[in-house]
Amino acid sequence: MPAVGIPTGGAGKSYPGKLTPFVTMTCIVAAMGGLIFGYDIGISGGVTSMNPFLQKFFPSVYRKKKAEESTNQYCQYDSQTLTMFTSSLYLAALISSLVASTVTRKFGRKLSMLFGGLLFFAGAILNGFAQKVWMLIVGRILLGFGIGFANQSVPLYLSEMAPYKFRGALNIGFQLSITIGILVANVLNYFFAKIEGGWGWRLSLGGAVVPALIITVGSLVLPDTPNSIIERGQHEEARIKLQRIRGIDNVDEEFADLVAASDASKLVEHPWTMLLQRKYRPHLSMAILIPFFQQLTGINVIMFYAPVLFNTIGFGDDASLMSAVITGVVNVGATLVSIYGVDKWGRRFLFLEGGVQMLICQAVVAAAIGAKFGVDGTPGELPKWYAIVVVVFICTYVAGFAWSWGPLGWLVPSEIFPLEIRSAAQSINVSVNMIFTFIVAQIFLTMLCHLKFGLFIFFAFFVVIMSIFVYFFLPETKGIPIEEMNQIWRSHWYWSRFVSHEDYPNGGDGNGVQMVKNV
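Residues numbered from 1 in each chain as written. Predicted model: local features only at pLDDT ≥ 70, side-chain atom pairs only at ≥ 80, totals over all residues. Heavy atoms only, no water.

The chain goes by Major facilitator superfamily (MFS) profile domain-containing protein in an unreviewed UniProt entry, where it is assigned to Cannabis sativa. Recorded in UniProt under Subcellular location (unreviewed entry), the annotation for the chain is "Membrane". (UniProt positions renumbered as here; feature names shortened; annotations may be inferred.)

Undergrad: Honestly, the overall build of the chain in this entry has me stumped. Any pointers?
TA: Each helix and strand in the chain was counted, giving 23 helices and 2 strands. Total accessible area on the chain is roughly 18,300 Å²; 68% of this is exposed by carbon and sulfur atoms. (Helix = DSSP H or I, 4+ residues; strand = E, 2+ residues; numbered from the N terminus. Areas by Shrake-Rupley, 256 points an atom, 1.4 Å probe, with all protein chains shown as cover.)

Undergrad: Whenever I open this one, the pattern of salt bridges confuses me. Can you help?
TA: Proximity of charged atoms lets side chains of opposite charge pair with each other. One pass over the structure, following the stated rule, counts 10 salt bridges. Salt-bridge contacts for Arg 109 lead to Glu 231; the nearest nitrogen and oxygen are separated by 3.2 Å. Taken together, the residues span a long stretch of sequence, with Arg 109 in helix 6 (residues 109-128) and Glu 231 in helix 11 (residues 226-231) at a distance of 122 residues. Like Arg 109, the residue Glu 231 is buried in the burial classification. Measuring nitrogen to oxygen at the nearest pair gives 3.1 Å for the salt bridge that ties Arg 232 to Asp 224. Beyond isolated ion pairs, a larger network of salt bridges with shared partners links Arg 109, Glu 160, Glu 231 and Arg 422. (Salt bridge = Lys/Arg side-chain N within 4 Å of Asp/Glu carboxyl O. Buried < 20%, exposed > 50% of the residue type's maximum accessible area, 1.4 Å probe, protein only.)

Undergrad: Help me out: how do you make sense of the nonpolar core in this one?
TA: As a rule of thumb, soluble globular proteins bury nonpolar side chains together. Counting 65 residues, the largest nonpolar core has Met 286, Trp 405 and Leu 408 as the members making the most contacts within it. Element by element, the count of residues in this core is highest for helix 21 (residues 422-451), at 9 residues. In contact with Met 286, not counting residues within four places along its chain, are Pro 291, Ile 416, Phe 469, Phe 473, Leu 474, Trp 489 and Trp 495. In terms of nonpolar packing, the next biggest core, distinct from the first, is built from 54 residues, Phe 37, Tyr 39, Met 50 and Ile 182 among them. (Core = buried A, V, L, I, M, F, W, Y, C linked by side-chain atoms within 4.5 Å. Contact = heavy atoms within 4.5 Å.)

Undergrad: How do you make sense of the state of the cysteines when you look at a structure like this?
TA: Two cysteines whose sulfur atoms are joined by a covalent bond form what is called a disulfide. In this structure the tally under the stated criterion is 0 disulfides. With no disulfide of its own, Cys 361 lies 9.7 Å from the sulfur of Cys 395, the closest cysteine sulfur. (Disulfide = S-S within 2.5 Å.)

Undergrad: What should I look at first to understand the environment of Tyr 15 in this one?
TA: Looking at the secondary structure, you find Tyr 15 in the loop between strand 1 (4-7) and helix 1 (21-31). What makes Tyr 15 buried here is its relative accessible area of 8%. Placed 148 residues apart in sequence, Tyr 15 and Pro 163 show a C-alpha to C-alpha distance of 8.6 Å. Among all residues touching Tyr 15, those that are not within four sequence positions of it are Tyr 164, Glu 253, Glu 254, Asp 257, Pro 481 and Glu 484.

Undergrad: So what exactly am I meant to see when it comes to helix 13 (residues 252-266) here?
TA: Side chains of residues three or four places apart in an α-helix project in the same direction, reflecting 3.6 residues per turn. Between the first and last C-alpha of helix 13 there are 21 Å, a value that for 15 residues agrees with the 21 Å anticipated at 1.5 Å per step. Residues Glu 254, Phe 255, Asp 257, Leu 258, Val 259, Ala 261, Ser 262 and Ser 265 constitute the buried set of helix 13. (Expected span 1.5 Å × (residues − 1).)

Undergrad: Is there a simple way to think about a nonpolar patch on the surface in this case?
TA: A surface patch of nonpolar side chains, about 380 Å² in accessible area, is lined by Phe 121, Ile 125, Phe 129 and Leu 213. A relative accessible area of 60% means that Phe 129 is categorised as exposed. (Patch = residues over 30% accessible without salt bridge, like charges linked within 9 Å, V, L, I, M, F, W, Y side chains within 5 Å.)

Undergrad: Explanation requested: the packing of aromatic side chains in the structure shown.
TA: One pair of aromatic rings is described through two measures. These are the centre distance and the angle between the planes. Per the stated rule, a full pass over the model turns up 30 aromatic pairs. Between Phe 293 and Trp 405, the aromatic rings sit 6.4 Å apart at their centres with planes inclined by 75 degrees, giving edge-to-face as the arrangement. Placement of the pair is Phe 293 in helix 15 (residues 281-295) and Trp 405 in helix 20 (residues 405-416), with a sequence separation of 112 residues. Of the two residues, Phe 293 and Trp 405, neither departs from the other in class, the shared state being buried. Between the aromatic rings of Phe 293 and Phe 469, the centroid separation amounts to 5.5 Å while the plane-to-plane angle is 45 degrees, which identifies the pairing as tilted. Of this pair, Phe 293 sits in helix 15 while Phe 469 sits in helix 22 (residues 454-473), placing them 176 residues apart in sequence. Each member of the pair Phe 293 and Phe 469 is classed as buried. Sitting over the ring of Phe 57, Lys 56 keeps its end group 5.6 Å from the ring centre. (Phe/Tyr/Trp six-rings, centres within 6.5 Å; stacked < 30°, edge-to-face > 60°. Lys NZ or Arg CZ within 6 Å of the ring centre and 35° of its normal.)

Printed below as a string of structure tokens:
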């Protein structure tokens, strides 16, 4: 096998500055934009497992569930109408993320966050008071529009505000908020499902107004990033803002690089068509493949449908909701591990370790479910020890995702794009993520019905492929200033054929990038 050169971190430039309380609080508030995404992921699976909700909006699914409970565990929730309730949100997010690119580029990251919060708020109100299925779907679409704006702008905001030495940890705050949103939603589902009268699902859906208000108010009080201010031609204001963010007066070198990057970006009239240029081949590849692989880990099978999945493999209604809470707690804890280690151990290490961990767990879960229910899905009581084994390995799988592909799927794309294509490329990243989130959400229950326990083997196959991709094609981005990032492509064994020094004469000379040989 030929030697493979992998940049291991370090940069040609080292900007002065420190992690100030101001930028820390700013990034914490901004990262809360992830709450709306996480809350929705967590709430939908629990609500669709609540019998009163199914009886009101999807009576045919309710009747089928009751019938299938005695015949085939794998197929009791197989309904395209029900999955459309979950997945319609992600089609809307796909569309709005493309619009958000223009808003983010021309008017700043804050305005995109504000739009995201307001749209999500409107969707939450409509869903909470829904009387007909069409109200649910329209509400979900509004939620999707909000998520599209937030997911497009928040990771960019965090990457631009953070000092480069702490960019990984601060950016992962977005993923931490997603996991907290999932956990809160699972806990609320557990308690709301116990409300007499069967109307607890309204509180679950309507509760989304709280994270919507958090990002809406947060967007009004947050400062804009120096990169965004410079893009709008306000150089003196941007210098003052950069000095406050970095906690020092001497920001001349970083400010000059930001201005140079902005001047280059202003020469770009059509960033969407620029993405197709040869020198942006690495960036476009990552913008497409990273979110593609992230969704095909199978994580959203667990997060969307955790209560449904646990119910399907033999847990009772209460037990399935509690199991979803347990996976939510693991999700949050493991994300904290990523925050600690991403700037210490590097992105590649976490990607690869997480891939191995997820692969092992998927194989064990597939074997456990297959041994219990076989191919025909004959139902039966799960022994307590057997249920514990399944939950432990699912939680270990969730942990592997939560400190690898979960946060890094948002971090790495947000930090590798040059300013001139940053908004457009991030929209591609979000769009691909939403396309495959929609596909997985829409077909999962049908795949579970037909592939049975083999569904976990299906996703395990993609975990193998994406781990190979990371090993050979993803360079390390730890410790490299965001405007110096192009050096990693010029030093890479494969991507260097597309990117030359002439393409980025001001993009860092790469002297600080060391090469190691992996045979």
